[in-house]
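For reference, the chains in residue letters:
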Amino acid sequence: MASAAEQMAANLSWGQLGKATELRQRIWFTIGLLIIYRLGTYIPVPGIDGGALRNFMEQAQAGIGGILSMFTGGALGRMGVFALGIMPYISASIIVQLLASMVPSLEQLKKEGEQGRKKINQYTRYGTVLLALFQAYGLAVSLEAGGMAHEPGWFFRAAVVITLVGGTMFLMWLGEQITARGIGNGISLIIYVGILAEIPGHLAQFFAQGRSGAISTPVILGVIVLVVVVMAFVVFMERALRKIRIQYPRRQVGMKVYDGQSSHLPIKVNPAGVIPAIFASSLLLLPITISTFSGNQTGPVMSTILAYFGPGQPLYLLFFAAMIIFFSYFYTQNVAFKSDDVAENLKNQGGFIPGIRPGKRTEEYLDYVVNRVLVIGSLYLAAVCMLPEVIRHQLSIPFYFGGTSVLIIVSVTMDTINQIQSHLLAHQYEALIERSQLRGKRKPGEAKPKRLPARR
């Protein structure tokens, strides 16, 4: 018979949201900070020629302009104070995570608990400032070279750098506040909201192309069906697991002997998430970004690179897929799933895989399983990221439509819904405890115990 907690989880209703006061406060707090973020994307950087910037972004909308504008929520297209978005923080955190898995001193910090985590977060913030300074200065110089500055010079560069770095640091603070006092992961939600905010405008532009006859009706319907199918496929793959059975031996505590228990170790088909796609996109877009913002004043070497590695070109797609597969293995083995740590934890807890010796043999077996699972996971990531690129260039779709955006939208939506359900389950569980008979029976004439306030 199912336990009361299991029955409660199965009967979890969204109608409980009206009774969970704390959860509603967290949701409203999150929405309020995200509105502040959206307002900041419309505050312009001083000294920008709006007309020249608008003309430039219209020309680059289907290429690098659309890609960068999508991940900054349109702030780059308007050159708002959040034009760099939260990407410097994400890049810095990924770099610090990779270093923490390879540098012994940083790896030791990870094992020091809360103090070590705070120190690593501090290093991440320092890295964010350095990356934001570098990117902001490069963007200021590119704006000058493209003729988009009213008064070029060091004063303009300083104003752009200070404004953009300050905007990125403010976004980092907003993300941390959402994570601590709101619902969901703040950094992911900022990117998520930025992508969603650009979708209505792109859809309107897409349908306008259909009304004008530039794109046929079957193509429009085909693209819509493709998006739905890709999102359903991403949901299926992100929830797919490879379960490894874990057995715990019988143990004696005092005079009682507890039977051995069986559990499982879940390994996701895609342990690295969207990180490999972000890494591969950033590296491949670097030469295109330099060329675009420098007014296409490139030398023969850069021109050759752009000719063969431009978006939609065969070599671009080939290297894009290869780098996604490489980063899937690299990030999983060094950050997302370290088999040596998992094997050591199982050994310390007394658990073992049936038929596999604890220790080194368990580590080798986990490596074998993860590497085989990653064959499917990495190919899935590459297919999801490459398919929209091919469709977009073959059908000449006039806006950016990328698999990375679909991955972010699906994964963040699933994570946020899971967190909301966890809060609802906790609220319902505490209400169940209050109504249960676990407080013990009262003696005749004994006063009724004072009722504790329910969690809100």
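Residues numbered from 1 in each chain as written. Predicted model: local features only at pLDDT ≥ 70, side-chain atom pairs only at ≥ 80, totals over all residues. Heavy atoms only, no water.

Looking up the protein chain in an unreviewed UniProt entry gives the name Protein translocase subunit SecY, with the organism given as Paracoccus sanguinis. As recorded by UniProt, the Sequence similarities (unreviewed entry) comment attached to the protein chain reads in full: "Belongs to the SecY/SEC61-alpha family." (UniProt positions renumbered as here; feature names shortened; annotations may be inferred.)

Q: Sorry if this is basic, but what is going on with a nonpolar patch on the surface here?
A: Judged by side-chain polarity, L203, F207, L221, I224 and V228 come together as a nonpolar surface patch covering roughly 430 Å² of accessible area. Elements with a minimum of two residues in the nonpolar patch: α10 (186–212) and α11 (217–239). Of all the elements, α11 adds the most residues to the nonpolar patch, at 3 residues. The residue L221 is located in helix α11 in this model. (Patch = residues over 30% accessible without salt bridge, like charges linked within 9 Å, V, L, I, M, F, W, Y side chains within 5 Å. Areas by Shrake-Rupley, 256 points an atom, 1.4 Å probe, with all protein chains shown as cover. Salt bridge = Lys/Arg side-chain N within 4 Å of Asp/Glu carboxyl O. Helix = DSSP H or I, 4+ residues; strand = E, 2+ residues; numbered from the N terminus.)

Q: What is the right way to read the side chain of T124 from this model?
A: Assignment of secondary structure puts T124 in helix α8 (residues 114–145). Among the polar contacts made by the side chain of T124, one reaches the main-chain carbonyl oxygen of I120 at a distance of 2.9 Å. With sequence-adjacent residues up to four places away left out, T124 is seen in contact with Y89, A92, S93 and V96. (Polar contact = N/O pair within 3.5 Å; in protein donor to acceptor, adjacent residues only side chain to side chain. Contact = heavy atoms within 4.5 Å.)

Q: So what exactly am I meant to see when it comes to α11 here?
A: For an α-helix the count is 3.6 residues per turn, leaving residues at separations of three or four pointing the same way. The end-to-end C-alpha distance of α11 is 34 Å, a good match for the 33 Å that 23 residues give at a rise of 1.5 Å each. Restricting attention to buried positions, one finds in α11 the residues I220, V223, L226, V230, V234, M237 and E238. (Expected span 1.5 Å × (residues − 1). Buried < 20%, exposed > 50% of the residue type's maximum accessible area, 1.4 Å probe, protein only.)

Q: I keep staring at the pattern of salt bridges and nothing clicks. Help me out?
A: If you walk through the whole model with that rule in mind, you get 5 salt bridges. For R26, the salt bridge goes to E22, with nearest N and O atoms at 3.6 Å. Of this pair, R26 and E22 both sit in helix α2 (residues 21–40), separated by 4 residues, roughly a single helical turn. Between E364 and R361 there is a salt bridge whose closest N-O contact spans 3.9 Å. Of this pair, E364 and R361 both sit in helix α16 (residues 360–394), separated by 3 residues, roughly a single helical turn. We classify E364 as partly exposed; its relative accessible area is 42%.

Q: What's the story with the packing of aromatic side chains in this structure? I'm lost.
A: Two numbers describe a pair of aromatic rings. These are the distance of the centres and the angle of the planes. Throughout the structure, instances matching the rule amount to 7 aromatic pairs. For the pair Y137 and W154, a centre-to-centre distance of 6.2 Å together with 25 degrees between the ring planes defines the contact as stacked. With Y137 in helix α8 and W154 in helix α9 (residues 154–181), this residue pair connects regions lying 17 residues apart in the sequence. Put simply, the rings of Y37, F82, F170 and W173 touch in pairs and so form one group of aromatic residues. The ring of W154 carries the charged tip of R157 above its face, separated from the ring centre by 4.7 Å. (Phe/Tyr/Trp six-rings, centres within 6.5 Å; stacked < 30°, edge-to-face > 60°. Lys NZ or Arg CZ within 6 Å of the ring centre and 35° of its normal.)

Q: Would you explain the environment of V223 in this entry?
A: With respect to the secondary-structure elements, V223 resides in helix α11. Accessibility expressed as a relative area gives 9% for V223, which makes it buried. Sequence separation between V223 and R392 is 169 residues, and the spatial gap between their C-alpha atoms is 9.3 Å.

Q: What am I meant to see in the environment of D49 here?
A: Relative to the helices and strands, D49 is located in the loop between α2 and α3 (50–59). Expressed as a C-alpha distance, the spacing of D49 and G147, which sit 98 residues apart in the sequence, is 8.2 Å. Dropping the residues within four chain positions of it, D49 is found in contact with M148 and H150.

Q: Would you mind going over helix α14 (residues 314–336) with me for this structure?
A: Look at α14: 31 Å from first C-alpha to last across 23 residues, which is about the 33 Å you get at 1.5 Å a residue. Y316, L317, F320, A321, M323, I324, F327, S328, Y331, T332 and N334 are the residues of α14 that are buried.

Q: What's the story with the packing of α2 against α9 in this structure? I'm lost.
A: To characterise two packed helices, one gives the angle between the axes of the helices and the distance between these axes. Running from N to C, α2 and α9 cross one another at 170 degrees; their axes reach a closest spacing of 9 Å. One finds that α2 runs roughly antiparallel with respect to α9. On the side of α2, the interface is formed by R26, F29, T30, L33, L34, I36 and Y37, while α9 contributes F170, L171, L174, Q177, I178, A180 and R181. (Axes fitted to C-alpha atoms, helices over the stretch in contact; angles between N-to-C directions. Parallel < 35°, antiparallel > 145°, perpendicular 65-115°, else oblique.)

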